[in-house]
Amino acid sequence: MKNKIYLLSASLMVATFSFFSCVSSGEKETGKDEIEKKVENLLGKMTLQEKIGQMNQLSPYGSEEEMYALVKEGKVGSFLNIVNAEVANKIQKTAVEQSRLGIPVLMARDVIHGYKTIFPICLGQAASFNPDLVRESARVAAIEASADGIRWTFAPMIDVSRDPRWGRIAESCGEDPYLTAVLGKAMIEGFQGDSLNDPTSIAACAKHFVGYGAAESGRDYNSTFLPERLLRNVYLPPFEAAAKAGAATFMTSFNDNDGVPSTGNKFILKNVLREEWKYDGMVVTDWASATEMITHGFCKDAADAAKKSLDAGVDMDMVSGAFSGNLENLVKENKISEKQIDEAVRNILRLKFRLGLFENPYVSTPQSVKYSPEHLAKAKQAVEQSVILLKNTNQTLPLNADEVHTVAVVGPLADAPHDQMGTWVFDGEKAHTQTPLAALRAVYGDKVRIIYEPALAYSRDKQTTGLAKAVNAAKQADVVLAFVGEESILSGEAHSLADLNLQGLQSELIEKLSQTGKPLVTVVMAGRPLTIAKEVEESDAVLYAFHPGTMGGPALADILFGKVNPSGKTPVTFPKMVGQLPMYYAHNNTGRPALEKEMLLDEIPMEAGQTSVGCRSFFLDAGSTPLFPFGYGLSYTTFSYGNLKIVSGKLTVSDTLKVSVELKNTGRYEGTEVVQLYVQDKVGSVTRPVKELKRFQRVNLQPGESKQVMFDLPVSELAFWNIDMKKVVEPGDFKLWVASDSQGGLTTEFNVAE
Ligand code: GLC
């Protein structure tokens, strides 16, 4: 047994994938040729029915006997949601020994942010701005999932998400295409390991292709209206990065974009994915999204849905039955060709060969990997780097266990082992969750007196009976820790919200706690940014932990008491009010951008003149700025930026921009700063965003320590899809910022010559 299965070394195998192909470093070019020979050899033996069987993915239904009968008859190529090693092995044994050609079945599951050991939701992991950490988190998830026979996950979800009303923002890496591309690549490398045929490697799935995060009004499954240029400049880049990183599969999205459902969209699935990106992986639909094209009004029946999906470039049909029920007749009626089917089956067989399923169809990872100490430690580290310090007046944090004698722990998320794990957790067990209350008691309970009052039973609770006890506990304490936010059910798929204020009586709870005059630390666990301006105002310190997963408690306890200095940065804009949405930093300037200071509602005099508040782009009641901008996060220490320099001389498109800045830890604590590099293309053949993130680096410094931080940015990465729908760098003037967040920083300019 390869000992690497047990050891999650820091120098984790980082896969390097050949360009545009899923051939991983573990497969030499010859390996690729060998696989193609095996694919052709096997394909040549298959009947039409067996080919169609490979294109059929099912979720367990009916009796076990029915399931094994389908496998034996070669009518199913993949199962999702089988999460038991014995059952997986039994299915494989049936396929390998009893079906005519012995083709193994591919087991799949949504392993989004951990399998048993649950990591922070992906939006939380994105706040770490740490691709190495994200890669290691995915590696842990893959190792644990492979122990139950899972060799394919439907992750990473790399939909650029700019509207927190959309519950699936929780699964995303946030609003920025570059951050999403970097982290999506890291997740793919983590899931797929150094070679797909390692038994602990699981095929990744870049989803949801494409534009799903732009669902109109943030209402899930809603239509999107993304013009090609916006698709290419914002929504496609993370998927192109995923294809380059060797993502073994892609998944089509539910949304219809400009009237075309992705599952039937030839432009994205053939023109872009296959022809432009030369992608040779496998494309699966989302759950029943093939036949949902009937509901969309894009297909007239299941046969039409099967034809349009296959014509568009889909290889495998997730549970709709469109392929298994119609493809054979469509061939007989000459409405599709067997050649098209062969192309899809090649992609499926290629994946199975790459995974080594023919040589090694059975589970070999031991059950002991689940919740292993190494995995739990990695999950704790992921939380430590994901938590964002949003406010910390009067150095309320970190708490000093020698000075604080009594701590009031209150709120519905203080001891909520289920909700702490967040959305998309089918296999993590709440019994393993370590909550903040449990951790505080375990680690600090001998030093400080902890009074616990939940006040509310759950985030939506409107019962007032518990509030008084919480206030009373606060009055007895030196500091109040309030854990509020969202139950896990309130974010994730199909869980959109039109109001992002704290649910239930949580806001009243914070207000009453604030009125006691005791130092109030508010810790938010949620699947999205919430509109917490009032609660931030009422709190002395605020930590945003998203849904931190299994090890949220120990990590938060160590952050609260200063063993860990928070370093997270907002991966998405936090609006003041839901009415400001969609809101994101990389917006266009418009012809009338808001001024630094605008006259807002309460400042407008009676009978104000029509144009007296100016004619600029802002909300009278909410202004033009967010509550917290993208890339924002504080530290227990402070950092200064100085001496910004562009060290590269005259620049042309083929050059590399070299930028340096002096970063200094000017505070009392060791800390990590996420230094961010933004660039603005000042004039373009089409309007360009006011700035775009192009690089970032986590830099750890001791108190008083300085470091010269360097960035290399190939000018070619300033390319965008222009007025002629060509991806080019347009020479001209550019502005850059090196900053602590997307709103401020040191700035300078540079020119790119013809
Ligand atoms: C769901 C989701 C998709 C998931 C799939 C399988 O509806 O949209 O993200 O991977 O079905 O569970």
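Residues numbered from 1 in each chain as written. Predicted model: local features only at pLDDT ≥ 70, side-chain atom pairs only at ≥ 80, totals over all residues. Heavy atoms only, no water.

The protein chain goes by beta-glucosidase in an unreviewed UniProt entry, where it is assigned to Phocaeicola coprocola DSM 17136. Per UniProt, the protein chain carries the Catalytic activity (unreviewed entry) text "Hydrolysis of terminal, non-reducing beta-D-glucosyl residues with release of beta-D-glucose." (UniProt positions renumbered as here; feature names shortened; annotations may be inferred.)

**Q** Requested: an account of the side chain of asparagine 265, with residues and values cited.
**A** Along the chain, asparagine 265 turns up in the loop between strand E8 (260–261) and helix H10 (266–276). Under the relative-accessibility criterion, asparagine 265 is labelled buried at 10%. Among the polar contacts listed, one links the side chain of asparagine 265 to the backbone nitrogen of phenylalanine 267, at a separation of 2.9 Å. With sequence-adjacent residues up to four places away left out, asparagine 265 is seen in contact with Val260 and Ala312. (Helix = DSSP H or I, 4+ residues; strand = E, 2+ residues; numbered from the N terminus. Buried < 20%, exposed > 50% of the residue type's maximum accessible area, 1.4 Å probe, protein only. Polar contact = N/O pair within 3.5 Å; in protein donor to acceptor, adjacent residues only side chain to side chain. Contact = heavy atoms within 4.5 Å.)

**Q** Residue-level account of unusual backbone geometry, with values.
**A** Put simply, phenylalanine 209 and valine 210 share a cis peptide bond, and its omega is 5°. Assignment of secondary structure puts valine 210 in the loop between strand E5 (205–209) and helix H8 (228–235). In the segment running from leucine 581 into proline 582, the intervening peptide bond is cis, with an omega of -5°. On the secondary structure map, proline 582 appears in the loop between helix H20 (552–560) and strand E17 (639–646). Phi is positive for alanine 288, which is not a glycine, with a value near 60°. Relative to the assigned elements, alanine 288 resides in the loop between strand E9 (282–284) and helix H11 (292–296). Of note in the backbone geometry, alanine 455 takes a positive phi value of approximately 70° without being a glycine. Its place among the elements puts alanine 455 in the loop between strand E13 (449–453) and helix H17 (467–476). In this structure alanine 455 comes out as buried when scored by relative accessible area, which is 9%.

**Q** Break down the pattern of salt bridges for me, citing the residues and quoting the values.
**A** Taken as a whole and assessed by the stated rule, the structure comprises 42 salt bridges. Taking the shortest distance from any N to any O, the salt bridge between lysine 658 and aspartate 712 comes out at 3.0 Å. One end of the pair, lysine 658, is in strand E18 (residues 656–665); the other, aspartate 712, is in strand E21 (residues 706–714), with 54 residues separating them in the sequence. In this structure lysine 658 comes out as partly exposed when scored by relative accessible area, which is 33%. We classify aspartate 712 as partly exposed; its relative accessible area is 38%. Here glutamate 749 makes a salt bridge to lysine 682, at a shortest N to O gap of 2.9 Å. Here glutamate 749 is found in strand E25 (residues 746–752), whereas its partner lysine 682 is found in the loop between strand E19 (671–681) and strand E20 (692–701), with 67 residues between them in sequence. Judged by its relative accessible area of 41%, glutamate 749 falls in the partly exposed class. (Salt bridge = Lys/Arg side-chain N within 4 Å of Asp/Glu carboxyl O.)

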